[in-house]
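# Notes for the structure review
Below are the chains, spelled out letter by letter.
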Amino acid sequence: MSKIIDVSQSPYAKLRTIPISSVKVKGFMGKYLKTLVSVTLPTQYDLLENTGRLDNFRIASGKLKGSYKTYFPFDDTDVYKWSEAVSFALASEELPELEKILDAVIEEIKDAQDEDGYLGTYFSGGRKRERWTNLAWNHELYNAGHLIQAAIAYKRVTGKVTLFKAARRFANHIHSVFGPGKKEGAPGHPEIEMALVELYRETKDRKYLDLSKYFIYARGKGFASVPRDPGPEYFIDHKPFVELEEITGHAVRALYLCCGATDLYLETGDKKIWQALNRLWENFVRKKMYITGGAGSRHDWESFGEEYELSNRRSYAESCASIANFMWNFRMLLATGDGKYADVMEQVLYNGLLSGISLDGKHYFYFNPLEDSGKTRRRRWFDCACCPPNLARFIASFPGYMYTVSDEGIQVHLYEKSATELLFKGTSVKIEQETDYPWNGQIFFTIETSIEEPFAIYLRVPNWSNDFSARIDGREISAEPQNGYVKLTRSWVGRHTIEFSLPMKPELVEAHPLVRDDFGKTVVKRGPIIYCAEQVDNPDFHVWTLAVDLENMREEIEKIFDREVVSLKGTGRAIELSGWEGKLYRRVSKLKEIAVDFTLIPYYAWANREPGPMVVWLRKT
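In short, a report on the structure.

Cut-offs applied
- Residues numbered from 1 in each chain as written.
- Predicted model: local features only at pLDDT ≥ 70, side-chain atom pairs only at ≥ 80, totals over all residues.
- Heavy atoms only, no water.
- Helix = DSSP H or I, 4+ residues; strand = E, 2+ residues; numbered from the N terminus.
- Buried < 20%, exposed > 50% of the residue type's maximum accessible area, 1.4 Å probe, protein only.
- Pairing = 2+ DSSP bridges.
- Contact = heavy atoms within 4.5 Å.
- Axes fitted to C-alpha atoms, helices over the stretch in contact; angles between N-to-C directions.

## Re unusual backbone geometry
A cis amide bond links aspartate 229 with the next residue in sequence, proline 230, at an omega value of 5°. Looking at the secondary structure, you find proline 230 in the loop between helix H8 (206–217) and helix H9 (251–268). In this structure, the amide linkage connecting tyrosine 437 to the following residue, proline 438, adopts the cis form with an omega of 10°. Looking at where proline 438 falls in the secondary structure, it is placed in the loop between strand E7 (427–435) and strand E8 (442–449). We note that tryptophan 132 has phi near 60°; this positive angle belongs to a residue other than glycine. Inspection of the secondary structure assignment puts tryptophan 132 in the loop between helix H4 (96–111) and helix H5 (140–158). For tryptophan 132, a relative accessible area of 8% translates into the label buried. Despite not being glycine, lysine 204 shows a phi value in the positive range, around 65°. Take lysine 204: its relative accessible area is 46%, and that puts it in the partly exposed class.

Printed below as a string of structure tokens:
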């Protein structure tokens, strides 16, 4: 039962997840999955070894002499996220070599655990007395959260329980330390909240759910923060969660906290939590989210800025924040069945999330600018290496996000060439998708089942789509979307086909006038894909000066690295810069413009070739 999260018995979930192993992905994301197992996971393992992260466990267990080898006290999480990524990858295919490596890594983790259940390599040896003394910065609870999630994933996929037993021992230790009548505290970096809810789902032990609730409700009391810079708001510790009106503070912390709070709602139906989640979602999506789905506009403390503060060249939009955005919206989708959350999932997936990893599978962005001079390049690793293994575990888990089931039927949230066999009311339903999505909006479904009773297939109509059509067994169906989905109800017994068409064509998008960086500018979008101009494709003018419209814009298929993409080409106008030589300012006069041929590529694919300026928001003609 290789589910990412298991809401099968969650009383406030309207949709239920399916196992990752139910879906075999073959198309656009299938290429990422192939690169993941052949390149990303092996190279990340080498880096975990070479940077000393695995040696930290050996030192803590006494197998290796020396002292903690890395800089941050939370570097164990890189090992845990990688372990979770391998676990999810094993759900999609047999990988005996990687499984053997992971089993060895798990032995190192287990052997580093203290007798009382504590597990954290930074606080072994002489640092034991410092445990739980600095919740704001030491991230011990964050460490524990990722350990628990990795352990649950490996147990669900393989049935092996060594890591799960270690994680549960650590969770029991944390429960013995924190809570009402015990030590007061809350994690400086949220993560454990959603992990504890998932541990409750796996074990049915209520104490884990109660502990998650305690941590969420403990915020706003100064337990998770420091009074000096960056201050309580950075830690989302300035107000109780249920009183929050604005998404603020460190972007990843804030979005992980919302994930945990949504998990809590799915189990308890806490109305105050739900009201706060909806306020925060509206504030985030309507006033603080980049068009790429990126989150967090400031390099200063990796944080959200003010409303409509969405700078482009200085955008931070951390890769981990994009992943957190996707994860939170998936949980909100499970709670409501509303397609607006799947729209955000798609928006961030094809743009600000996949931009975080190179097409060769071994270089990463920590932050994702929407405009660049050409100096920002992906790197193989970071001292704070949260993003690379986080991207790996997301890609490995992708198949588990495509479908859900409910009492009424099966929901299709994301389109991808794939073969799926899932259970609906205890009986097999096979679904094949033939499509070239996200480049083409034609999706051909084949459905096979022995279920005679009618049930519904829900197909998402994305918010970028102005039109759609559907045919069942060649007969056109007239239907109006509800909550972002077309509901097709009938008996599907035997073998049937659905032809679903979402016409794609380039369009121009503008931002709210209060987004000052984007005033008077436009973005070119085609289907779910956001486009940018990169200098390597446009050598005859500076891409920052480009102005475009849709007239004569055409689509071409070309390759970037080993991937085919749809590029957009046309004739636009660029500013002639020769009149500005030697001048920074001049009296206002008419800009001299020249006609230019331009090429635009998908934003996620930028910086995979020669360095040079890049821009997403272009001038309007």
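## Focus: the sheet that holds strand E1 (residues 16–17)
Spatially, 5 strands are ordered E1-E4-E5-E9-E12 in an open sheet, and the strand pairing comes out mixed. Each having just a single partner strand, E1 and strand E12 (485–490) make up the two edges of the open sheet. Here 3 bridges tie strand E4 (residues 403–405) to strand E5 (residues 409–412), and the two strands are oriented antiparallel to one another. Across the sheet, residue valine 405 finds its bridge partner in E5, namely isoleucine 410. The sheet contacts of helix H12 (residues 339–353) involve strand E9 (455–460) and E12, and relative to E9 the element is tilted by about 45°.

None of this, on its own, says anything about what the molecule does.
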